Amino acid sequence: MSSVGVLHKSRVSIEEGMTVLSVILHCDLDCFYAQVERERLGLPKDAAVVVVQWKMALAVSYPARKFGIKRGSNVDEVRKLGGDKVTIVHVETIGGDAPPPDLNVDQEGTEDLVNTQKVSLARYRKASADIFRAMISCLSGYQAKFERASIDEAYIDVTAEVDQRVRKAGNELRPLPDNTMVVGERLDMRDECDVRLAYGADIATEVRKKVLAAFSYTVSAGISTNKLLSKFASAENKPNMQTIVPLRAVSKLMEDVPLRKLRGLGGKLGKEVEALGVSTAGEATKLSREQLQSKLGHQKFAEFVYNSVRGIDESEVKERDKAKSLLAAKSFRGQMGLSVVEQTWLPLLADELAERLMVDAELNNRDAKTLTISFRMKSATSQGNWTMVTASRSAIMPPIGAEGRSNEILSSSVNVLRKVAREEKQFTFPITFVGLTATNFSDRATANESISRYFHVASDRDAVHSSGSKTVTDRSQNAFQTREEIHQRRIQESADRALALRLHREESIPTDSKATRGGRIGKKVTSKVAKRKGKGGVNTLDRFVVKKD
Ligand code: CTP
Ligand code: CA
Ligand code: CA
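Residues numbered from 1 in each chain as written. Chains lettered and ligands numbered in written order. Predicted model: local features only at pLDDT ≥ 70, side-chain atom pairs only at ≥ 80, totals over all residues. Heavy atoms only, no water.

Novice: Is there a simple way to think about the packing of aromatic side chains in this case?
Specialist: Working definition: an aromatic ring pair is given by the centre-to-centre distance plus the angle between the planes. Inspection of the entire model under this criterion finds five aromatic pairs. Taken together, a centroid distance of 4.1 Å and an interplanar angle of 10° make the contact between Tyr 33 and Tyr 124 stacked. Of this pair, Tyr 33 sits in helix 2 (residues 32-40) while Tyr 124 sits in helix 6 (residues 122-138); the two residues are 91 residues apart in sequence, bridging distant segments of the chain. Judged by relative accessible area, which is 15%, Tyr 33 ranks as buried. An aromatic cluster of three or more residues is present, and its members are Phe 32, Tyr 33 and Tyr 124. The cationic tip of Arg 310 hangs over the ring face of Tyr 306; the distance from NZ or CZ to the ring centre is 3.7 Å. (Phe/Tyr/Trp six-rings, centres within 6.5 Å; stacked < 30°, edge-to-face > 60°. Helix = DSSP H or I, 4+ residues; strand = E, 2+ residues; numbered from the N terminus. Buried < 20%, exposed > 50% of the residue type's maximum accessible area, 1.4 Å probe, protein only. Lys NZ or Arg CZ within 6 Å of the ring centre and 35° of its normal.)

Structure (structure tokens):
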């Protein structure tokens, strides 16, 4: 069967007696963090901006890419290539009492900041939420499904909306919107699929224009018949362009596409397939299901790869407009001992997570039920060697109304780490990473708690902080004051955010209860945790989940 023949399986029936092809959009912000910083600093649209984390470029604006600067470039190299034509911005940092690094000047000791501060992506998360809200409001009145896929990308299933437009206007000839490219030949307006994609391109343009008008951010988009093809398409003609992949072009297109460019194959899975001696999707179509399965172990993975390299992807656009989990984490240069982690990093991470949960609750009217503590460290193997592992353990998330939630989170995390130190002899401190994750979200019973309550919670927490009565670790007064100041500043910032969000309430995002209820694993964790609840002591699971690197 030709791959296009197989692709027709992706026809879905949305109405009795009528079969239509899905139309899926993928929107991805151009050089996202760099655009956010450009606007924040009021720089011109064509400014060369590079956002760095410690010494590494994270996001590079398109004008800066002309100098040969790439993501991953070292800041010294960025300076060498771009000179004074490039604005280098460090991501926001929190913790410690030093100001964030200014990498436009060769600041002495910048490198040391990595051991006292951590990065905060708050700015980009805020921008992301604003952008998605604008996109969703642009789609209001349309029959469309919106899925947030990452901080800067979303899938939109516009099948039903396109179907309506086809019914109303048919395949009248009209030009494609500006900035639209087509992979392969031109669209054929006698072809049902092409007509549908042209309507999809209209909607993509509306969404992109809305974001540009509201925030001056450019978005690139892909328009095709499934998520895999539309994601591939959005990256094809960046920046500020949209690309259509018609079904007709798929088999030819796949011939030369590097495996790594396909959704889901950019990481470990793609690497394993490459180990079979193939580097393009076309080459990989020569591999049988059996070959793939014996290499990848699992039939599910084999099937996924078998389909992906043929441009087949039947996964649905899931209605979801918010993150499934919130993570506050810190990686260490060198390694950190238990006491520093307890005294410096866990308090900072607990604060960060508690604060983000509060903003999230205000915005999305939901709360997390599970707190997962993860850490990376050496672990002894049965052969007497050691290997790096990431281990995690879950606990009940302290309730949102709890006094000093941050302290409760801290206490729970400290207990887990101490338990590790005490009981899990295969693990060896120091650690190189620690993270606190909030998952297993569910809708809050009391809808739309007011902003006054928000302030109330914040001030409760301050009271606990100033008395220090609930603090589980002994922190030096010095570190405490610094934290307090940072804390105050961040409370103010979150309060501003919360207020802005409330003012936007009429545009507020529908809550998808299915998506927020958590998956199978989440449920398993909750029930186990629930069993232990009420028995006193630490509400943690008995078992660690350990992943080898
Ligand atoms: N990002 C990151 N670390 C990564 C990948 C991405 O910090 N390993 C950040 C980038 O700084 C980026 C944002 O997440 O701004 C979105 O990533 P991505 O879409 O991959 O890149 P962009 O910078 O947006 O560039 P592009 O125009 O190619 O999409
Ligand atoms: Ca992007
Ligand atoms: Ca992206």
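Novice: So what exactly am I meant to see when it comes to helix 6 here?
Specialist: Note on helix geometry: an α-helix contains 3.6 residues per turn, so any two residues three or four positions apart are oriented the same way. In this model helix 6 runs 24 Å from its N-terminal to its C-terminal C-alpha over 17 residues, within 8% of the 24 Å that 1.5 Å per residue would give. Of all 17 residues making up helix 6, twelve are buried, and the element is well covered by its neighbours. Listed in full, the buried residues belonging to helix 6 are Tyr 124, Ala 127, Ser 128, Asp 130, Ile 131, Phe 132, Arg 133, Ala 134, Met 135, Ile 136, Ser 137 and Cys 138. (Expected span 1.5 Å × (residues − 1).)

Novice: Please clarify how the coordination of the calcium ion (ligand 2) should be interpreted in this entry.
Specialist: In a perfect tetrahedron of four donors around a metal, the angles come out at 109.5 degrees. In a perfect octahedron of six, they are 90 or 180 degrees. Around the calcium ion (ligand 2), the protein contributes the donor atoms Asp 28 (OD), Leu 29 (O) and Asp 152 (OD), which lie 2.1 to 2.3 Å from the metal centre. With six donor atoms in place around the calcium ion (ligand 2) and angles of 77 to 175° between them, the coordination shape is octahedral. One chain supplies every donor for the calcium ion (ligand 2), spaced along it as D-L-x122-D. A distance of 3.5 Å spans the gap from the calcium ion (ligand 2) to the calcium ion (ligand 3), which Asp 28 bridges by coordinating each metal. For Asp 28, a relative accessible area of 12% translates into the label buried. (Donors = N, O, S within 2.8 Å, 3.2 Å for Na, K, Ca; no water. Tetrahedral: all angles 85-135°; square planar, octahedral: opposite > 155°, others 65-115°.)

Novice: Help me understand the packing of helix 15 (residues 338-364) against helix 16 (residues 405-423), please; the structure alone is not making it clear to me.
Specialist: To describe two helices that pack against each other, one gives the angle between their axes and the distance between the axes. The contact between helix 15 and helix 16 brings their axes to 8 Å, and the two run at 140°. Relative to helix 16, the element helix 15 is oriented oblique. Relative to helix 16, the crossing made by helix 15 is right-handed. Contacts from Leu 338, Val 341, Glu 342, Leu 346, Pro 347, Ala 350, Asp 351, Leu 353, Ala 354 and Leu 357 in helix 15 reach Arg 405, Ser 406, Ile 409, Leu 410, Ser 413, Val 414, Leu 417, Arg 418 and Ala 421 in helix 16. In terms of residue class, the contact of helix 15 with helix 16 is made up of 13 nonpolar, two polar and four charged. (Axes fitted to C-alpha atoms, helices over the stretch in contact; angles between N-to-C directions. Parallel < 35°, antiparallel > 145°, perpendicular 65-115°, else oblique. Left-handed = near helix turned anticlockwise from the far one by under 90°. Contact = heavy atoms within 4.5 Å. Nonpolar A, V, L, I, M, F, W, Y, C, P; charged D, E, K, R; others polar.)

Novice: I would appreciate a short explanation of helix 4 (residues 75-82) in the present structure.
Specialist: Every buried residue of helix 4 is listed here: Val 75, Val 78 and Gly 82. Down the axis of helix 4, the buried set is contained in an arc of 50°. They therefore lie on one face. For helix 4, the elements touching its buried residues are strand 4 (48-53), strand 5 (56-60) and strand 6 (86-90). The backbone nitrogen of Asp 76 has a side-chain oxygen 2.7 Å away, supplied by the residue at the start of helix 4, namely Asn 74. Immediately beyond the C-terminal end of helix 4, within one or two residues, lies Gly 83, with a positive phi of roughly 55°. (Arc of directions from axis to C-beta. Polar contact = N/O pair within 3.5 Å; in protein donor to acceptor, adjacent residues only side chain to side chain.)

Novice: Honestly, the environment of Ser 73 in this entry has me stumped. Any pointers?
Specialist: One can find Ser 73 in the loop between helix 3 (62-65) and helix 4. The spacing of Ser 73 and Lys 55 is 18 residues in sequence and 8.5 Å in space, taken between C-alpha atoms. Those residues within four positions of Ser 73 in sequence are excluded, and the remaining contacts are Lys 55, Met 56, Ala 57 and Val 78.

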